[in-house]
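In case you want the letters, here they are:
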Amino acid sequence: MNIRDLFTGFRMFTSSMGYLSRNGMGKMYLWMIIVALLFSILYFYLMSQAYDVLMDMLLGVVSSWDLPEWVTTAFGWIVSIALYVAGFMLFHMINGTVVLVLLSPLFSYIAKRAYHIEMGEKPKELPLLKSIGRGVLFALRNFMVQLSVWMVLYLIGFMVPIVQPAVPFLIVAVNAFYYALSMADYTMELRGMNVGQSSHYGSQNRLTLCGIGLPFAAILMVPFVGSYIAIFFAPVVEIATLKLCLHGEGNE
């Protein structure tokens, strides 16, 4: 494993662009539009509900203090801005995992179709709900690992200021690896591997998977529109990881 594996992974990503259209799966983009709409509804509904609950709770506490009206009003504005900023930061922490969860049925379908195309034979038939459930749980498990790594990196950045500028880039790299690993697991499952074996395979191909997932992770960091754009690039990562799992790094 060396730095060239990172560039190999990136080339595998770029060579997988257009795969769906070339192999009769272009209709999947219609489902991605539906997912993007569902993502918007889910995000704005949950955020508005959380905002209303927190604002009512905090303003209720402040009003009980019998402060001047202008203080209460100013506090309301400050809390409102703080909640929007916190919501924006939280959104960028979880948006990648939310996309992976929402797209899990498509990943399962695409993996099976692409496996058939690449190997010339149908994979072992697996219950769709079981495959989706494994994909969702694996993505959530990876998110918990990502969260732990983020905390360690932020702590190191806080304690060693000289490395602070590198922390955001390291976080993107960590995200890239775990996003790609989550998508690779759909192919690993088709090959009869369990979650532990899938994770072990990922650890042996860290840099290649990081290179594959890097464009996806970088797009997710774009404010406001990144998550929607990433939805349409996620299947490219799925195809690239499938090629890696089936053919190795030589097939780009």
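Right above here is the structure, for reference.
Notes on the structure follow. (Residues numbered from 1 in each chain as written. Predicted model: local features only at pLDDT ≥ 70, side-chain atom pairs only at ≥ 80, totals over all residues. Heavy atoms only, no water.)

Overview of the layout of surface pockets
If a probe the size of a water molecule is rolled over the atoms, the empty space left behind becomes visible.
In step 1: In this model, the largest pocket occupies a volume close to 410 Å³.
In step 2: Lining of the largest pocket is provided by 16 residues; of these, Y43, M47, Y84, G87 and F88 occupy positions nearest its centre.
In step 3: Put simply, the parts of the chain that give the lining of the largest pocket at least two residues each are α3 (28-63) and α4 (69-102).
In step 4: The class makeup of the residues in the lining of the largest pocket is 14 nonpolar, 2 polar and no charged. (1 Å grid on protein atoms, 1.4 Å probe; cavity = no way out; pocket = protein on both sides within 12 Å on 5 of 7 lines; lining within 4 Å. Points joined across faces, edges and corners; volume = space filled by probe spheres on them. Helix = DSSP H or I, 4+ residues; strand = E, 2+ residues; numbered from the N terminus. Nonpolar A, V, L, I, M, F, W, Y, C, P; charged D, E, K, R; others polar.)

Examining helix α10 (residues 226-247)
In step 1: Taking 1.5 Å per residue, 22 residues should reach 32 Å; α10 reaches 31 Å between its end C-alpha atoms and fits that length.
In step 2: The axis of α10 is deflected most strongly, by about 40 degrees, at F232, and proline P235 appears within four residues downstream.
In step 3: Taken across its 22 residues, α10 has 17 buried, putting it largely inside the fold. (Expected span 1.5 Å × (residues − 1). Bend = angle between axes of the 7 residues up to and from the residue. Buried < 20%, exposed > 50% of the residue type's maximum accessible area, 1.4 Å probe, protein only.)

Some words on helix α5 (residues 104-119)
In step 1: Look at α5: 22 Å from first C-alpha to last across 16 residues, which is about the 22 Å you get at 1.5 Å a residue.
In step 2: For α5, the full list of buried residues reads S104, L106, F107, S108, I110, A111, K112, A114 and Y115.

Section: the state of the cysteines
In step 1: A complete count under the given rule lists 0 disulfides for this structure.
In step 2: No disulfide involves C245; its nearest neighbouring cysteine sulfur is the one of C210, lying 15 Å away.
In step 3: When its relative accessible area of 4% is taken as the criterion, C245 is described as buried. (Disulfide = S-S within 2.5 Å.)

What to know about the pattern of salt bridges
In step 1: A complete count under the given rule lists 1 salt bridge for this structure.
In step 2: The salt bridge partner of R134 is D185, with a shortest N-O separation of 2.7 Å. A residue pair is termed long-range when its members are at least 10 positions apart, and R134 in helix α6 (residues 128-159) and D185 in helix α7 (residues 167-190) qualify at 51 residues. Here R134 matches D185 in class, with each residue buried. (Salt bridge = Lys/Arg side-chain N within 4 Å of Asp/Glu carboxyl O.)

Comments concerning the side chain of S108
In step 1: The residue S108 is located in helix α5 in this model.
In step 2: On the accessibility criterion, S108 (2% relative accessible area) is buried.
In step 3: For S108, the contacting residues outside a window of four places in its chain are L128, S131 and Y186. (Contact = heavy atoms within 4.5 Å.)

Some details on the packing of α5 against α10
Each packed pair of helices is defined by two parameters, the angle between the axes and the distance between the axes.
In step 1: α10 packs onto α5 with a crossing angle of 45 degrees between their chain directions and a minimal axis gap of 10 Å. By the angle between their directions, the pair α5 and α10 is classed as oblique. In terms of crossing hand, the pair formed by α5 and α10 is right-handed. The residues of α10 that touch α5, namely those facing F107, I110, A111, A114, Y115, E118 and M119, are A234, P235, E238, I239, L242, K243, L246 and H247.
In step 2: When the residues that make up the contact of α5 with α10 are grouped by side-chain class, the tally is 11 nonpolar, 1 polar and 3 charged. (Axes fitted to C-alpha atoms, helices over the stretch in contact; angles between N-to-C directions. Parallel < 35°, antiparallel > 145°, perpendicular 65-115°, else oblique. Left-handed = near helix turned anticlockwise from the far one by under 90°.)

Details of the environment of E238
In step 1: By the element assignment, E238 lies in helix α10.
In step 2: According to the relative accessible area criterion, E238 is buried, its value standing at 0%.
In step 3: Between the alpha carbons of E238 and S108 there is a distance of 9.6 Å; along the sequence they are 130 residues apart.
In step 4: Contacts of E238, omitting those with residues within four sequence positions, involve F107, I110, A111, M183, Y186 and T187.

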